[in-house]
Amino acid sequence: MTWHLLMLNVTVKDGERALLTRNGQLVRVLAPGKHRLFDPLHELKAEVLDVVRSEFSADRYAVLKAARPDLAAELFEAIETKADEIAIVSLDGRPVHLMTPWQVRVYWKVATRIDVERIDVSADPRVGARHLTMIERNRSTVVMEAVVETTRRACSMSRAGSWSGLRLAGTPSGLSAARSR
């Protein structure tokens, strides 16, 4: 993004889009190519973003959707899980993200195919073998934690249900023990 006299020059490469704003408000989205825009007061700003297998901020998406629902529907795929479901998100056929309940993720869909496999865990919290295979490929990015508290103890569980540590709360020495896998 450069200025030359009264013009803003923006180059957007393949696999990118540019959000063009004037005084902080979205004007339009620029497709790949060279763009020369008349900007005598230097009010325009272009934010160039990668769109191939990329995630977009859910907060920014909510603002964009409120202002320009047509543009939001054209450019993005929003995935939201409910209280009793998890989802496996695949980008271009490859499982990439495991979403836990009450999560929102937004992806650019202009250059990427997005598939969502939703799993209802309300009736049966067990996940089938086919889904476990998909999750296992993505295990390093998955961290789940459940905390159980009693009067004098707190136990934590992580890594898909295996015990990884035990912390006793309320003891003077702060005892802790961990079990490795």
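This text follows the structure it describes.
Quantities reported herein were computed from a predicted structural model and do not represent experimental measurements.

A. Examining the sheet that holds strand β7 (residues 55–56) more closely. If you walk across this open sheet you meet the three strands as β7-β11-β8, and the pairing is antiparallel. The open sheet has two free edges, formed respectively by β7 and β8 (76–80), since each of these has just one partner strand. Relative to strand β11 (residues 104–108), β7 runs antiparallel, the two being bridged by two bridges. Note on β11: the bridge partner recorded for Glu55 is Tyr107.

B. Examining the environment of Ile86 more closely. With respect to the helices, strands and loops of the structure, Ile86 is situated in strand β9 (residues 85–91). Looking at Ile86, the relative accessible area reads 8%, which means it is buried. Placed 32 residues apart in sequence, Ile86 and Arg118 show a C-alpha to C-alpha distance of 5.9 Å.

C. View of the packing of aromatic side chains. Counting across every chain of the model gives four aromatic pairs. An angle of 80° between the planes, with centres 5.5 Å apart, marks the rings of Phe56 and Trp108 as edge-to-face. Residue Phe56 is found in strand β7, and its partner Trp108 is found in strand β11; the two are separated by 52 residues along the sequence. Taking relative accessible area as the criterion, Phe56 reaches 7% and is therefore assigned buried. The interplanar angle of 50° and the centroid separation of 4.5 Å between the aromatic rings of Phe76 and Trp108 together place this pair among those described as tilted. Pair noted here: Phe76 is in strand β8 and Trp108 is in strand β11, with a separation of 32 residues, a long-range link. The rings of Phe56, Tyr61, Phe76 and Trp108 are connected pair by pair, giving a single aromatic cluster.

D. Region of interest: the sheet that holds strand β12 (residues 114–120). Spatially, the three strands line up as an open sheet ordered β10-β9-β12, and their pairing is antiparallel. The sheet terminates laterally at β10 (94–99) and β12, the two strands that pair on one side only. Sheet twist, expressed as the mean angle between neighbouring strand axes with direction ignored, is 25°. Note that β9 and β12 share seven bridges and pair antiparallel. Note that in β12 the partner of Leu91 across the bridge is Ile114.

E. Quick peek at unusual backbone geometry. One non-glycine residue, Asn23, adopts positive backbone phi at about 55°. With a phi close to 55°, Asp92 is a non-glycine residue in the positive phi region. Mapped onto the elements, Asp92 comes out in the loop between β9 and β10. Residue class for Asp92 comes out partly exposed when judged on its relative accessible area of 35%.

Cut-offs used in this document
- Residues numbered from 1 in each chain as written.
- Predicted model: local features only at pLDDT ≥ 70, side-chain atom pairs only at ≥ 80, totals over all residues.
- Heavy atoms only, no water.
- Pairing = 2+ DSSP bridges.
- Helix = DSSP H or I, 4+ residues; strand = E, 2+ residues; numbered from the N terminus.
- Buried < 20%, exposed > 50% of the residue type's maximum accessible area, 1.4 Å probe, protein only.
- Phe/Tyr/Trp six-rings, centres within 6.5 Å; stacked < 30°, edge-to-face > 60°.
- Axes fitted to C-alpha atoms, helices over the stretch in contact; angles between N-to-C directions.

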